[in-house]
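# Commentary on secondary and tertiary structure
The chain contents come next:
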Amino acid sequence: AYEASEEIEMYLQHQRRILRLLCSKIHSILTAGGIRVVYPTGGFYMYPDFTHLSEKLAAHGIKSSTELTIDIFKKKGVALLPGQAFGAPAHVMTFRLAYVDFDGLNAMEVSQSMTLDTPLDESFLDTCCSKCLLGAQQLADYAQEL
């Protein structure tokens, strides 16, 4: 049987609160940009959906989630995995967005320098997770620019 040590449990609690805050902020950025995305209940990724923008995408020659992720990468520098890679039909404009492009060691050190009762805030995200926030904003901008 596996028994987690107190040290591992504390590590996991800090990791979860970092990812929870980051997830919440990214979800807010994406939805403010008109992107449909179900709020995830765990993990470090979400599946934004641009299907409601299919007509606008088609006007730009984009007819599959693979073409969509390539265009986003070329125009905004954000790397994504197309929904097709996860079994979605090609015309369903979904993709997987993993929000892990941040300095995890620094984020953990900052989080662990506080008690778990002290909430992390937006300045934490700006300091420790700025690449993820920029990527989310780039996706929101892409949707708005269609």
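The present account deals with the structure reproduced in this document. Keep in mind that what you see is a predicted model, and the values were worked out from it rather than measured.

### Observations regarding the sheet that holds strand E1 (residues 45-46)
Strand order in the open sheet formed by three strands is E1-E3-E2, with antiparallel pairing between adjacent strands. Strand pairing shows two members of the sheet lacking a second neighbour, E1 and strand E2 (81-82), which therefore form its edges. For E1 and strand E3 (residues 95-98), the ladder comprises two bridges, and the chain directions are antiparallel. Within E3, the position partnered with Met46 by the bridge is Leu97.

### Some thoughts on the nonpolar core
Grouped together as the largest cluster of nonpolar side chains are 36 residues, with contacts concentrated most on Ile26, Leu30, Phe50, Leu68 and Leu139. When residues no more than four places from it in sequence are discounted, the contact partners of Phe50 are Ile35, Leu57, Leu68, Met93, Phe95, Leu139, Tyr142 and Ala143.

Definitions and limits used
Residues numbered from 1 in each chain as written. Predicted model: local features only at pLDDT ≥ 70, side-chain atom pairs only at ≥ 80, totals over all residues. Heavy atoms only, no water. Pairing = 2+ DSSP bridges. Helix = DSSP H or I, 4+ residues; strand = E, 2+ residues; numbered from the N terminus. Core = buried A, V, L, I, M, F, W, Y, C linked by side-chain atoms within 4.5 Å. Buried < 20%, exposed > 50% of the residue type's maximum accessible area, 1.4 Å probe, protein only. Contact = heavy atoms within 4.5 Å.

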